[in-house]
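Architecture at a glance
Chain residues, written in single-letter form:
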Protein chains: 2
Amino acid sequence: MENFTYYSPTLIEFGRGAEEKTGVLTFMMGVSKVLIVYGRKYVRNNGLLDRIINSLNTIGIEYVELGGVCPNPTDGLVREGIRLARAKGVDGLLAIGGGSVIDTAKAIAAGVKYDGDFWDFYTGKSEVREALPVGVVLTVPGAGSEGSGNSVITLEGGDSAHNVKLSLRTDSILKPRFAVMNPELTFTLSARQTAIGIVDMMSHIMERYFSNSNAVEVGDRLAEGLLMALINEAPKAMGDPTDYHARANIEWVGTLAHNGITGCGRREDWTSHALEHEISAEYPDVAHGAGLAVVFPAWMAYIAHHKPSKVAQLGRRVFGVEGRDDRSAAIEAVASLRAFFGTVLKMPLTLEELGIKDPDLDELTRRLHANKGETIGGYYRLTAEDTRQIYELMLAKSVEN
Amino acid sequence: MENFTYYSPTLIEFGRGAEEKTGVLTFMMGVSKVLIVYGRKYVRNNGLLDRIINSLNTIGIEYVELGGVCPNPTDGLVREGIRLARAKGVDGLLAIGGGSVIDTAKAIAAGVKYDGDFWDFYTGKSEVREALPVGVVLTVPGAGSEGSGNSVITLEGGDSAHNVKLSLRTDSILKPRFAVMNPELTFTLSARQTAIGIVDMMSHIMERYFSNSNAVEVGDRLAEGLLMALINEAPKAMGDPTDYHARANIEWVGTLAHNGITGCGRREDWTSHALEHEISAEYPDVAHGAGLAVVFPAWMAYIAHHKPSKVAQLGRRVFGVEGRDDRSAAIEAVASLRAFFGTVLKMPLTLEELGIKDPDLDELTRRLHANKGETIGGYYRLTAEDTRQIYELMLAKSVEN
């Protein structure tokens, strides 16, 4: 086990009616005027925004609104938020939504207190030393941003022809002070949105799981337990979107998948995220979770042949496969994961199913290694040649043989 | 899943050399003069205290020392600590030790800021509204006090003939601000101390596991994972006290077993703790963890016949038992748990092995229900008759038949 620091100070208020406590929680984080950030008009139309504003009013907290955050949130709205927050003198942020909304709120929270351009934090030119406190009302589980100190923002037309999508990671300064999580607020998510969130959660767990660090039994067991819980609950939520308990279990896994608890004491992997980011940068219509459903099994299939031990452990402990040796067990594990993504979650399993025809795999490979270095990955270092073969596997209907 | 609030703001600094950061962490909790609380002279003699004082000196933090905390800590040293803290004007506490030391530090932290008698907090006469911040350097894993807001103190001669042992539970005000955890500091624990700590951890997990709350898949899977990790690591630490990785995994489970993470969204049980507290109140030489090794399997054996479902789940998922129905699986689970406690951990399994001869079971039963009510327990409500039978089971070498 490696040395580690773990600090997760987000207060979780979980359950039916939790959003009624938003006002009190905002007050308790020391805020008197809050910038409410949200995405779709939906939040306004379904009455949630009104209920939250009511909760703020009750305790005398003033507010300013900023709606319109889109998936893969961009720098434009962040800049608008920073201007608005300064003009109105807000002293805290309240994000109502999922990862895109929360990440936008975090970017504003850091940017307000900084003299330079907020994008400096994302390029690494500057470090966040001060930020407004952020609270969250979660409506779209998956990204795990409600419990993390990270934020992913896209700079539009940054690299002339291409958008630049970068992530900012902080130890704790951007971790939300509280997260309100009422599973009923997720009943209206479509089956596809639900599935995308679940793939995202599983990927967050597995990116930490695939590690060369020795003797990480606690982290492995926590990760395997969270994966088993998702595999158990997913079919229920896919079958009945108003199954409260299935929604609750899934939403809670989403936070634990990405608040760092399963990563304690280990080096992490994050290869599949790198492979996927290159795809969704080139094809912006690709939803991150759907992309991961194609990428993760392909990566794992390749790894099953090159370094099967941890894939085999996942297979045996999570999917109950029995393969006579590590390689057989690993291959069965990949088949089980693909079956779960494809059959239970109805996710795409190939680039074509993802809507990408005739992809230029050489160009994807070239750009990935140009951005990330000659070799990438924690559990198994990929050369450009490895990467090219994994992208190739994403073309195939079946990767088992 | 029940509604819940989860807030665990303790920063964990984990690994080799972690204690070197004590000074910086104390400074970061805003403290300039600290009362160092510890137990055995051992901490002083082995150089740990010096290293920590050195770490405080480096950053200019003043300190006052209070040694001599004993197992089952009492009110006397708490009162002395409160006087000392006031006289010297300290603004924070630093506990170096295990649960007894941390619980004493918490009691002092709350008492210093209170005009009345600190014992009021334990009797429920008053509530902790203000407390000095507490930091921890953990040397004895098991009690989990480094991540909890609780403190257990004994009032000597409180109830004339009998001592009164009461626990104070707070939401967050007494949760340590940081916990320094270096597994090397646990190398000198004896096999017995190690085993007692592990039983305590397993009990913290199982007291939460046995719940009537429905649809708590995430909590169940986390609990089962932590139990499996302990079962995997315990023999290594018992066999080689300097096995760093085994010590590390066990110590980390100790915190997660009791910081609330496995209890989210469920009502908890705590029957075995109640049964055990009555024994160790009557027989003060009984170590809490050793008492639990006798109590928990006896309780579980009784429950296997009256409400087997969750015992069976534990058996199947944690011990891999195969019993054809819940009752058979539950009975096998009890046998597995007893085998683990007896054979791997070398713990007592009967009251006699615990050093108690000819116990007055009627009196134990009478006193327990006089203190705790006509029926006790969360998962299965025990009447006095049930309780009497469970105490009876603690006499038997084998409870399986």
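The coordinates are above.
Residues numbered from 1 in each chain as written. Chains lettered and ligands numbered in written order. Predicted model: local features only at pLDDT ≥ 70, side-chain atom pairs only at ≥ 80, totals over all residues. Heavy atoms only, no water.

1. With respect to the sheet that holds strand β3 (residues 62-66) of chain B
The strands making up a sheet are joined through hydrogen bonds of the backbone, oriented either antiparallel or parallel. Heads up, the condition is: Only strands that DSSP links by at least two bridges are regarded as paired with each other. Going along the chain from the N terminus, every DSSP run of H or I of four or more residues is numbered as a helix, and every run of E of two or more is numbered as a strand. Interaxial angle, 0 to 180 degrees, is taken between N-to-C directions of lines fitted to C-alpha atoms, where a helix line uses only the stretch in contact. Here a residue-residue contact requires only that any non-hydrogen atoms of the pair lie within 4.5 Å.
Taken in spatial order, the 12 strands line up as β3(A)-β2(A)-β4(A)-β5(A)-β8(A)-β1(A)-β1(B)-β8(B)-β5(B)-β4(B)-β2(B)-β3(B) in an open sheet, and their pairing is mixed. Among the strands making up the open sheet, the edge pair consists of β3 (62-66) of chain A together with β3 of chain B. Averaged over all pairs of adjacent strands, the angle between their axes in this sheet comes to 25°, without regard to strand direction. Relative to β3 of chain A, strand β2 (residues 33-38) of chain A runs parallel, the two being bridged by 5 bridges. If you follow L35 of chain A over to β3 of chain A, its bridge partner there is V64 of chain A. The strands touched by helix α5 (residues 99-112) of chain A within the sheet are β2, β3, β4 (92-97) and β5 (134-138) of chain A, with β4 of chain A carrying the most contacts at an inclination of about 170°.

2. A short note on the relation of the copies chain A and chain B
Defined as follows: Least-squares superposition aligns the copies on the C-alpha atoms of those residues with pLDDT at or above 70 in both.
For these two chains of identical sequence, chain A goes onto chain B by a turn of 180° and a shift of 0.0 Å along the axis, with RMSD 0.0 Å. Here the two chains are linked by the operation of a two-fold rotation axis. If distances are taken from each C-alpha of chain A to the rotation axis, the shortest is found for P9 of chain A, at 2.1 Å.

3. A closer look at the pairing of strand β5 (residues 134-138) of chain B
Residues and elements named next belong to chain B. What counts here: Under the scheme applied here, a residue whose accessible area is under 20% of the maximum for its type counts as buried, over 50% as exposed, and between as partly exposed, the area being computed with a 1.4 Å probe on protein chains only.
Taken across its 5 residues, β5 has 5 buried, putting it largely inside the fold. Residues V134, V136 and L138 line one face of β5 and the alternating positions G135 and V137 line the opposite face, and both faces are buried. With 5 bridges connecting them, strand β4 (residues 92-97) and β5 associate as parallel partners. When the sheet's bridge partners are listed, L93 is paired in β5 with V134. By the bridge criterion, 4 bridges tie β5 to strand β8 (residues 178-181) in an arrangement that is parallel. If you follow L138 over to β8, its bridge partner there is M181.

4. Looking at helix α11 (residues 288-306) of chain B
To keep it simple, the criterion reads: Given the number of residues in a helix, its expected span is that number minus one, multiplied by 1.5 Å.
With 19 residues, α11 of chain B extends 26 Å from end C-alpha to end C-alpha; this agrees with the ideal 27 Å at 1.5 Å per step. Along α11 of chain B, 17 of the 19 residues are buried, which leaves the element largely enclosed by surrounding structure.

5. Things to note about the pattern of salt bridges
This is how the line gets drawn: A pair is scored as a salt bridge if a Lys or Arg side-chain nitrogen falls within 4 Å of a carboxyl oxygen belonging to Asp or Glu.
Evaluated as defined, the whole model comprises 46 salt bridges over all chains. Residues R316 of chain A and D326 of chain A are paired through a salt bridge, measuring 2.9 Å at the closest nitrogen-oxygen approach. Within this pair, whereas R316 of chain A is found in helix α12 (residues 309-319), its partner D326 of chain A is found in helix α13 (residues 326-344), the two being separated by 10 residues in sequence. E217 of chain B is the salt-bridge partner of R317 of chain B, the closest N and O atoms lying 3.6 Å from each other. A residue pair is termed long-range when its members are at least 10 positions apart, and R317 of chain B in helix α12 (residues 309-319) and E217 of chain B in helix α8 (residues 217-239) qualify at 100 residues. Each member of the salt-bridge network shares a partner with another, and the members are E217, R221, E224 and R317 of chain A.

6. Structural notes on the packing of aromatic side chains
Note the cut-off: Here a Phe, Tyr or Trp ring, Trp counted by its six-membered ring, pairs with any other such ring whose centre lies within 6.5 Å, and the pair is stacked when the planes are under 30 degrees apart, edge-to-face when over 60, and tilted otherwise. Each ring is checked for a lysine NZ or an arginine CZ that lies within 6 Å of its centre and within 35 degrees of its normal; such an atom marks a charge sitting over the ring.
A full pass over the atoms with the stated rule returns 26 aromatic pairs over all chains. Consider the rings of F118 of chain B and W119 of chain B, whose centres lie 6.1 Å apart with planes at 75°: the pair is edge-to-face. In this pair, the class of F118 of chain B matches that of W119 of chain B, namely buried. Members of the aromatic cluster, each reached through a chain of ring pairs, are Y209, F210, F296, W299 and Y379 of chain A. Directly above the ring of Y244 of chain A sits R16 of chain A, whose terminal nitrogen or CZ lies 3.7 Å from the centroid.

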